[in-house]
Amino acid sequence: VRDSPIEDLINISTLIQQTVAKKLQLSHPDSKDLQFLHGTILTDGVNSATEPTCNVCVFADRQVDRSPTGSGVIARLAVDYKKKNIKIGEKRKFIGKTGAVFTGEIVSVMEEYKGKKDAIIAKVSGTAKYVGRSQFILEEGDELGRGFLLK
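Note that the structure is a prediction, hence the values are computed from the model and not measured. (Residues numbered from 1 in each chain as written. Predicted model: local features only at pLDDT ≥ 70, side-chain atom pairs only at ≥ 80, totals over all residues. Heavy atoms only, no water.)

(A) Highlighting the overall build of the chain. Within the chain, the secondary structure is distributed over two helices and six strands. For the chain, the succession of helices and strands along the chain, N to C, is α-β-β-β-α-β-β-β. Taking the principal axes of the C-alpha coordinates as reference, the chain spans close to 60 × 40 × 30 Å. Across the 151 residues in the chain, those meeting the buried criterion constitute 24%. In the chain, the proportion of contacts linking residues at least 24 apart, taken out of those at least 6 apart, comes to 48%. Here the chain has roughly 11,100 Å² of accessible surface; of this, 53% comes from carbon and sulfur atoms. Averaging the locations of the 23 positively and 19 negatively charged side chains of the chain gives two centres separated by 6 Å. (Helix = DSSP H or I, 4+ residues; strand = E, 2+ residues; numbered from the N terminus. Buried < 20%, exposed > 50% of the residue type's maximum accessible area, 1.4 Å probe, protein only. Contact = heavy atoms within 4.5 Å. Areas by Shrake-Rupley, 256 points an atom, 1.4 Å probe, with all protein chains shown as cover. Lys, Arg positive; Asp, Glu negative; His and termini not counted. Charge placed at Lys NZ, Arg CZ, Asp CG, Glu CD.)

Below you can see the structure in the form of structure tokens.
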């Protein structure tokens, strides 16, 4: 994953998302509005909490996160906890495609959350920097002010 071309990662993620959409029914314990797959986390397969691991998140319309992705770190922590690869209070480093590093830690576990599966409470830390800024100004009488879509 670390050395793979971005386009290859995007293509495989798209294939995974399409397959999951056809084969699995997703559920969320808190909200039906969250029962969809927004992105795919690709990893380097390193499952030991003592070694840094790579996370690449492909989401939305084939976009790639430059960081290890906070929600992706939490998802990996949950999977690692279920597989007994990490313990509560143990920290793990996650590396994004650009080399950005997040640290994840399981703070606590709620057993059988809402009568279903165990859920983790996680802490994620790292740094982020602005990469750009834009500003939209709506002038009086502007016909586009009633709505438009930027993509």
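This is not the end of the story, as more comes after the structure.
(B) Representation of the pairing of strand S2 (residues 53–59) within the structure. Where burial is concerned, most of S2 is hidden: six out of the seven residues are buried. Looking at chain direction, strand S1 (residues 39–43) and S2 are connected through five bridges and run antiparallel. Note on S2: the bridge partner recorded for Thr43 is Asn55. Bridge analysis of S2 against strand S3 (residues 63–64) gives two bridges, and the strand direction is antiparallel. Across the sheet, the residue bridging to Val58 is Val64, located in S3. Counting the residues between successive antiparallel strands, the hairpin from S2 to S3 contains three residues, one of them, Ala60, with a positive phi of roughly 50°. (Pairing = 2+ DSSP bridges.)

(C) Region of interest: the pattern of salt bridges. For the structure on display, the rule yields four salt bridges. The partner of Asp30 in a salt bridge is Lys114, and the shortest N-O contact between them spans 2.6 Å. Of this pair, Asp30 sits in the loop between helix H1 (6–23) and S1 while Lys114 sits in the loop between strand S5 (101–110) and strand S6 (119–125); the two residues are 84 residues apart in sequence, bridging distant segments of the chain. Residue classification places Lys114 among the exposed positions, given a relative accessible area of 52%. Ionic pairing is found between Arg92 and Asp80, a salt bridge with its closest N-O pair at 2.4 Å. Placement of Arg92 in strand S4 (residues 91–95) and of Asp80 in helix H2 (residues 70–82) is noted, with a sequence separation of 12 residues between them. Just as Arg92 is buried, Asp80 falls in that class too. (Salt bridge = Lys/Arg side-chain N within 4 Å of Asp/Glu carboxyl O.)

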